[in-house]
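Inside the fold
Letter by letter, the chains look like this.
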Amino acid sequence: VFWGDERCVPPDHPDSNYRQARDLLLEKIHLPAENMHRMRGEIEPEQAAAEYEQILRMFFAAENPAHPRFDMLLQGMGEDGHTASLFPGTRALYERSRWVLENYVPKLDMWRITLTTIAINAAAHVIFLVEGQNKAETLRAVIRGPHQPEKYPAQFVQPVNGELTWMIDEAAATGL
């Protein structure tokens, strides 16, 4: 289990993606600790991103040193069309060599650690899970609107050699 992004908070912080996944799922399935590779949000963002990229490069080295090949990535989409910590107008949207990047999000006044589009689009299967009426308009723009990935970063997700699946609840689908 790998993480697609993390807030720069300690792993026991209520906003930690790791903590949420651990509490809601991973503790219930008794996954061995060595099979979980969390992003260390409690250290400096640049160091955390470099460290996580090194973990991925070592894990996927035998398979393909050019990019990681996740079997499956579960992605969410925010009301603004962000996915992972790829937010509109942030520098991580334009990264073309690194797999993991520290990304400052001005509207949140917060650093985040995120997989880049290189890593996401190398996955065998990317599944978006989108729910809620508050995302209906953005979802319509992402799926049916013009290609504006700087405005709707979820549009950057286009697996190169894989599949893309949208799992959408009824409320989010009202605009489709």
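Look up a bit, the structure's there.
This report concerns the structure included in the present document. (Residues numbered from 1 in each chain as written. Predicted model: local features only at pLDDT ≥ 70, side-chain atom pairs only at ≥ 80, totals over all residues. Heavy atoms only, no water.)

Mapped onto the elements of the fold, arginine 19 is located in helix H1 (residues 17-29). Classification of arginine 19 by relative accessible area gives partly exposed; the value is 26%. For the pair formed by arginine 19 and serine 85, sequence separation is 66 residues and the distance between their alpha carbons is 17 Å. Ignoring sequence-local partners within four residues, the contact set of arginine 19 consists of Pro11, Asp12, His13 and Pro14. (Helix = DSSP H or I, 4+ residues; strand = E, 2+ residues; numbered from the N terminus. Buried < 20%, exposed > 50% of the residue type's maximum accessible area, 1.4 Å probe, protein only. Contact = heavy atoms within 4.5 Å.)

Grouped together as the largest cluster of nonpolar side chains are 37 residues, with contacts concentrated most on Leu56, Val100, Leu115 and Ile120. Ignoring any residue separated from it by four or fewer positions in sequence, one finds leucine 115 in contact with Trp3, Gly4, Met39, Leu56, Phe70, Leu73, Leu86, Trp99, Val100 and Ile120. (Core = buried A, V, L, I, M, F, W, Y, C linked by side-chain atoms within 4.5 Å.)

With that settled, consider the pattern of salt bridges. In the structure shown here, the tally under the stated rule is 11 salt bridges. For aspartate 23, the salt bridge goes to arginine 19, with nearest N and O atoms at 3.2 Å. Of this pair, aspartate 23 and arginine 19 both sit in helix H1, four residues apart, which is roughly one turn of the helix. By relative accessible area, which is 27% here, aspartate 23 ends up partly exposed. One salt bridge connects glutamate 53 with arginine 98, and the closest N-O pair in it is separated by 3.6 Å. One end of the pair, glutamate 53, is in helix H2 (residues 45-60); the other, arginine 98, is in the loop between strand S2 (73-76) and strand S3 (100-105), with 45 residues separating them in the sequence. (Salt bridge = Lys/Arg side-chain N within 4 Å of Asp/Glu carboxyl O.)

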